[in-house]
Amino acid sequence: GLVDTLQSEGPFTVFAPVNSAFDALPAGTVETLLKPENKEKLAGILKYHVISGKVKSADLAGKMLSADTLNGQVKIDGTDGVTVNGAKVIKADVKASNGIIHVIDTVLIPEG
């Protein structure tokens, strides 16, 4: 249900976890989230990885701030590399047609 949003003009900043980040989740988490009855929870997690607007790593360097995602706030620490809620950005500023992607090493899970 997010395709239309993410294929829109944007711009968006997406924090995209590497495949191994999903493997690090507790056993059964991904399978549980993919069940039809958990569609809303999965959408919430995915939206938690997206900021409306284009945020480059240079915009974050040396700063500590909070940013609104499409599903809550994340804390970004750019004082020693860049982390988002503790997830390390391992590849920054990947250009996309409607924004920018930062690859992270951990899946972000909204609180609550």
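Undergrad: Talk me through the overall build of the protein chain; I want residue IDs and the actual numbers.
TA: On a plain count of helices and strands, the protein chain comes out with 5 helices and 7 strands. The order of α-helices and β-strands along the protein chain, N terminus first, is α-β-α-α-α-β-α-β-β-β-β-β. Viewed in the frame of its principal axes, the protein chain has a C-alpha envelope of about 40 × 30 × 25 Å. In the protein chain, buried positions account for 32% of the 112 residues. Within the protein chain, contacts between residues separated by at least 24 positions form 55% of all contacts whose residues are at least 6 apart in sequence. Of the roughly 7000 Å² of accessible surface on the protein chain, 52% is carried by carbon and sulfur atoms.

Undergrad: So what about the environment of Lys 56? Which residues, and what values?
TA: Mapped onto the fold, Lys 56 is located in the loop between β2 (50-52) and α5 (57-60). For the pair formed by Lys 56 and Ala 92, sequence separation is 36 residues and the distance between their alpha carbons is 7.7 Å. Excluding anything up to four places from it in sequence, Lys 56 contacts Asp 93, Ile 100 and His 102.

Undergrad: Talk me through the confidence of the model for the protein chain; I want residue IDs and the actual numbers.
TA: Scored by pLDDT, the protein chain comes out at a mean of 92, with 98% of its residues at no less than 70. Looking at the elements of the protein chain, mean pLDDT is at its lowest for helix α1 (residues 3-6), recorded as 71, and at its highest for strand β5 (residues 83-84), recorded as 97.

The rules we used
- Residues numbered from 1 in each chain as written.
- Predicted model: local features only at pLDDT ≥ 70, side-chain atom pairs only at ≥ 80, totals over all residues.
- Heavy atoms only, no water.
- Helix = DSSP H or I, 4+ residues; strand = E, 2+ residues; numbered from the N terminus.
- Buried < 20%, exposed > 50% of the residue type's maximum accessible area, 1.4 Å probe, protein only.
- Contact = heavy atoms within 4.5 Å.
- Areas by Shrake-Rupley, 256 points an atom, 1.4 Å probe, with all protein chains shown as cover.
- pLDDT = per-residue confidence, 0-100.

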